[in-house]
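Spelled out, the chains give:
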Amino acid sequence: MFHITPRSRFAMRQRGEQRQANYRKQIGATVVTVEPNTREDHRFFGHPRGLLTLFSLEMWERFSFLGMQAILVLYFSDQVAHGGLGMAQNSAASVTAAYGTLVYLVSVAGGWLADRMLGSYRAVLWGGILIACGHYSMAVPTTGMTWVGLGLIIAGTGLLKPNVSTMVGKLYTTEDQRRDAGFALYYMGINVGAFLGPLVTGWLGQKMGWHLGFSAAAIGMTLGLVQYVLGRRGLAGRDHAAEFALPPRAMKRAVWLLAGSGVLVAAVAAALVLTGRLSLDGTVNILTVISVVAPVVYFTVMFKSPRVTAEERGRLRPYIVLFAASVVFNFILFQSYSTMTLLAADHARTSILGWQFPSTWYNSVLGVAEVLLAPVVAAVWVRMGRRQPHASRKIAYGVILGGLSFLVMVPAVTGQTGNWKMAAWWLVVSYLLLGLGDILLETTGMSATTKLAPAAFASQTMALWFLSLALANGIQAQAVKLFGVISNDLYFGLNGAIAVVLGLVVIAVGPWLRRTMHPVH
């Protein structure tokens, strides 16, 4: 394996600083970079103190986001008389996936805003504020406020998600061996929230009322914002200036263009809805098309940009393979909050010794699995050091585990009709496989993204990673329409088999990936 000497590291750093200086000269902007000395900082389980702040922020953000999402498809599909929106189950799953598509599509704009206008710290802060306002809006028991709240959450998450992950990457130098382990610990914070969110919002939503569940999500996001501001001293890039800020005149034009575009899109959409020319199903289809086109366009822009060097362009080619692996895995993962949630609500046993619990608590199995497994994975990577599997192989293993999580469900649902119930262990095993796969793929994928990102597209490349999640949701929005139409064993079997096959393909092209993904190990 290639070893980077201190002299070569110094040369790489000089080249990077020169490239950034050239870029500043081209755009006439001043770059302010605030980097705490993290090399010797081991105050959070051997990691920089700033990781604790970002760990806690993502814990509360995921508490609110995934807690709300655990009940969203059930709220959509519940009867109007019971406080729901009365959608058919497959339509509710499709709309839920379309909502996820929008969340991750907007992350591209969030990455650009951080790189060129706001800076990472302010982008994350304003994103969190919008998310909190969105959850408070959904706590109001009216259909109109539900859609307003979802719109605010979409905008806020698009600002927060790509940039908080980039801030984690800034805590480490590229060659820091703690980097993958740091992302694993960060991802553990995400999954503490993923575990607690469905427990709280699921109980309130299914037992007390959907909008009380949304209220709990709002409080969680508020707590996350408070600790983020209090812990800002340990963060890299906390200065208000964007690292690749636009010059003043271009900044002013961009603000007016963004504001005008937002008003125009909202007006056109409202007019189409009011005149009956745009249905909910039509909106879902449009979002699926956008989710396919957006990454193609964005990859093209990055490959052709003069701000991307030949060396950086070479690292983008293997990144396309990682992108595809993420799409397939997350197509499976996101169904834990749509088809799997509906399956659990209708057919999973929800009692222990006569005590009834909400079916949404099954969603917490995924979170607790990742909470328990993430530190184990992190410790294994640290112990193995340079002997650990290459990043591409870790990602391939994650995709295969995702496919197996659906294949496990095939014998549980085969031949079942009518009012049947499955044992809890089917879902538990499925979520355990999915959770381990998620740790392997997402932590490694995010870490690889921060390493492979061209300097001028740092936050935007992380946004490109989230475009893989948008595409996964866009595909899911169409695929889940078959849920309940074809047999469950065929549905889960096909989805799982496709994921396993793609994971094996990534392993097969591993030698090429190892050659082309430097400095990713």
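Novice: Would you explain the overall build of the protein chain in this entry?
Specialist: Per the secondary structure count, the protein chain includes 18 helices and 2 strands. Sorting the 521 residues of the protein chain into buried and exposed places 55% on the buried side. Across the protein chain, contacts joining residues at least 24 apart in sequence account for 84% of those joining residues at least 6 apart. Carbon and sulfur atoms make up 67% of the accessible area of the protein chain, which amounts to about 21,300 Å² in all.

Novice: Is there a simple way to think about the layout of surface pockets in this case?
Specialist: Take a probe with the size of a water molecule and roll it over the atoms, and the empty space left behind shows itself. Roughly 1,600 Å³ of volume is contained in the largest pocket. For the largest pocket, the lining is made up of 37 residues, of which Leu 102, Val 106, Ile 154, Val 265 and Ala 266 are closest to its centre. For the lining of the largest pocket, the secondary-structure elements that each account for two or more residues are α3 (89-118), α5 (143-169), α8 (248-274) and α9 (280-304). For the lining of the largest pocket, the element with the highest residue contribution is α8, accounting for 12 residues. Per-class residue counts for the lining of the largest pocket are 30 nonpolar, 6 polar and 1 charged.

Novice: Which parts of the structure should I look at to understand a nonpolar patch on the surface?
Specialist: Together, Trp 203, Met 208, Leu 212, Ile 352, Leu 353 and Trp 355 give the surface a local cluster of nonpolar side chains, amounting to about 700 Å² of exposed area. Summarising the element assignment, Trp 203 is placed in helix α6 (residues 179-208). You can call Trp 203 partly exposed: its relative accessible area is 32%.

Novice: Is there a simple way to explain empty space enclosed by the protein in this structure?
Specialist: Within the structure shown, the criterion is met by 4 cavities of 30 Å³ or more. Of the pockets and cavities examined, the largest cavity occupies roughly 320 Å³. Along its surface, the largest cavity is lined by 24 residues, and Arg 62, Tyr 104, Tyr 187, Leu 333 and Phe 334 are the ones closest to its centre. Broken down by secondary-structure element, the contributors of at least two residues to the lining of the largest cavity are α2 (50-77), α3, α6, α10 (310-333), α12 (361-384), α15 (424-452) and α16 (458-479).

Novice: Please clarify how the environment of Gln 478 should be interpreted in this entry.
Specialist: Counting through the fold element by element, Gln 478 comes out in helix α16. In the structure, Gln 478 is positioned 387 residues away from Ser 91 in sequence and 9.7 Å away in space, judged by C-alpha atoms. At a separation of 3.1 Å, a polar atom in the side chain of Gln 478 contacts the side chain of Asn 285.

Novice: Would you mind going over the packing of α2 against helix α4 (residues 120-138) with me for this structure?
Specialist: Axis angle and axis distance: for two packed helices, these are the angle between their axes and the distance between the axes, and together they describe the pair. It is at 12 Å that the axes of α2 and α4 come closest, and there the two elements cross at 30 degrees. Pair α2 / α4 crosses with left-handed handedness. Here Leu 57, Glu 61, Ser 64, Phe 65, Met 68 and Leu 72 of α2 lie close against α4, whose contacting residues are Val 124, Ile 131, His 135 and Met 138. For the contact of α2 with α4, the residue count by class is 7 nonpolar, 2 polar and 1 charged.

Novice: Can you help me understand the packing of aromatic side chains in this one?
Specialist: Any pair of aromatic rings gets described here by the distance separating the centres and the angle formed by the planes. Scanning all chains against the criterion turns up 18 aromatic pairs. With a centroid separation of 5.3 Å and 80 degrees between ring planes, the pair formed by Phe 299 and Phe 323 is classed as edge-to-face. Linking Phe 299 in helix α9 with Phe 323 in helix α10, this pair joins segments that are 24 residues apart in sequence. Here the two residues Phe 299 and Phe 323 agree in accessibility, since each one is buried. Each ring, one from Phe 406 and one from Phe 492, has its centre 4.9 Å from the other, and the planes form 75 degrees; the classification is edge-to-face. With Phe 406 in helix α13 (residues 391-407) and Phe 492 in helix α17 (residues 488-508), this pair connects stretches of sequence that are 86 residues apart. Grouping aromatic residues by their ring pairs yields a cluster made of Trp 203, Trp 355, Phe 357, Trp 361 and Tyr 362.

Novice: Would you mind going over the nonpolar core with me for this structure?
Specialist: A general trend in soluble globular proteins is that nonpolar side chains are found buried together. Of all hydrophobic cores here, the largest spans 129 residues; its most connected members are Met 68, Phe 76, Tyr 99, Tyr 228, Leu 427, Leu 467 and Phe 492. At 14 residues, α2 tops the list of elements feeding residues into this core. Each residue touching Leu 427, except ones within four places of it in the same chain, is listed here: Met 340, Ala 344, Ala 348, Tyr 362, Met 409 and Met 422. Judged by nonpolar contacts, the second largest core, of 6 residues, contains Ala 114, Met 117, Ala 123 and Ala 254.

Novice: When you look at the side chain of Thr 288 in this model, what are you seeing that I'm missing?
Specialist: Summarising the element assignment, Thr 288 is placed in helix α9. Thr 288 has contacts with Gly 474, Ala 477 and Gln 478, leaving out every residue within four places of it along the chain.

Novice: Would you mind showing me how to read the confidence of the model for the protein chain here?
Specialist: A low pLDDT means the predicted coordinates there should not be read in detail. The pLDDT averaged across the protein chain works out to 81; a share of 85% of its residues lies at or above 70. Per-element confidence in the protein chain is highest for α17, whose mean pLDDT is 94, and lowest for helix α1 (residues 6-27), whose mean pLDDT is 41. Counted against residues more than four places away or in other chains, residues 1-34, with its pLDDT under 50, gives 42 contacts.

Novice: Mind showing me how you'd approach α9 here?
Specialist: In an α-helix there are 3.6 residues to a turn, and that puts residues three or four apart on one side. The end-to-end C-alpha distance of α9, which contains 25 residues, comes to 36 Å, matching closely the 36 Å that a straight helix rising 1.5 Å per residue would cover. All buried positions along α9 are accounted for by Val 284, Leu 287, Thr 288, Ser 291, Ala 294, Pro 295, Tyr 298, Phe 299, Met 302 and Phe 303.

Novice: Could you clarify how one ought to interpret the packing of α3 against α9 in this entry?
Specialist: The N-to-C vectors of α3 and α9 enclose an angle of 35 degrees; their axes lie 10 Å apart at closest approach. For α3 against α9, the interelement crossing comes out left-handed. Residue-level contacts link Ser 94, Val 95, Ala 98, Thr 101, Leu 102, Leu 105 and Val 108 of α3 to Leu 280, Val 284, Leu 287, Ile 290, Ser 291, Ala 294 and Tyr 298 of α9. When the residues that make up the contact of α3 with α9 are grouped by side-chain class, the tally is 11 nonpolar, 3 polar and no charged.

Novice: Would you mind showing me how to read the pattern of salt bridges here?
Specialist: Where charged atoms from two side chains of opposite charge approach closely, those side chains can pair. Under the counting rule described, the total for this entry stands at 3 salt bridges. Glu 58 is paired through a salt bridge with Lys 161; the nearest N and O atoms lie 2.6 Å apart. Placement of Glu 58 in helix α2 and of Lys 161 in helix α5 is noted, with a sequence separation of 103 residues between them. Side by side, Glu 58 and Lys 161 carry an identical accessibility label, which is buried. Between Lys 481 and Asp 281 there is a salt bridge, and its shortest N-O distance comes to 3.1 Å. Taken together, the residues Lys 481 in the loop between α16 and α17 and Asp 281 in helix α9 connect sequence positions 200 residues apart. The exposure class assigned to Asp 281 is partly exposed, which follows from its relative accessible area of 43%.

Procedures and definitions
Residues numbered from 1 in each chain as written. Predicted model: local features only at pLDDT ≥ 70, side-chain atom pairs only at ≥ 80, totals over all residues. Heavy atoms only, no water. Helix = DSSP H or I, 4+ residues; strand = E, 2+ residues; numbered from the N terminus. Buried < 20%, exposed > 50% of the residue type's maximum accessible area, 1.4 Å probe, protein only. Contact = heavy atoms within 4.5 Å. Areas by Shrake-Rupley, 256 points an atom, 1.4 Å probe, with all protein chains shown as cover. 1 Å grid on protein atoms, 1.4 Å probe; cavity = no way out; pocket = protein on both sides within 12 Å on 5 of 7 lines; lining within 4 Å. Points joined across faces, edges and corners; volume = space filled by probe spheres on them. Nonpolar A, V, L, I, M, F, W, Y, C, P; charged D, E, K, R; others polar. Patch = residues over 30% accessible without salt bridge, like charges linked within 9 Å, V, L, I, M, F, W, Y side chains within 5 Å. Salt bridge = Lys/Arg side-chain N within 4 Å of Asp/Glu carboxyl O. Polar contact = N/O pair within 3.5 Å; in protein donor to acceptor, adjacent residues only side chain to side chain. Axes fitted to C-alpha atoms, helices over the stretch in contact; angles between N-to-C directions. Left-handed = near helix turned anticlockwise from the far one by under 90°. Phe/Tyr/Trp six-rings, centres within 6.5 Å; stacked < 30°, edge-to-face > 60°. Core = buried A, V, L, I, M, F, W, Y, C linked by side-chain atoms within 4.5 Å. pLDDT = per-residue confidence, 0-100. Expected span 1.5 Å × (residues − 1).

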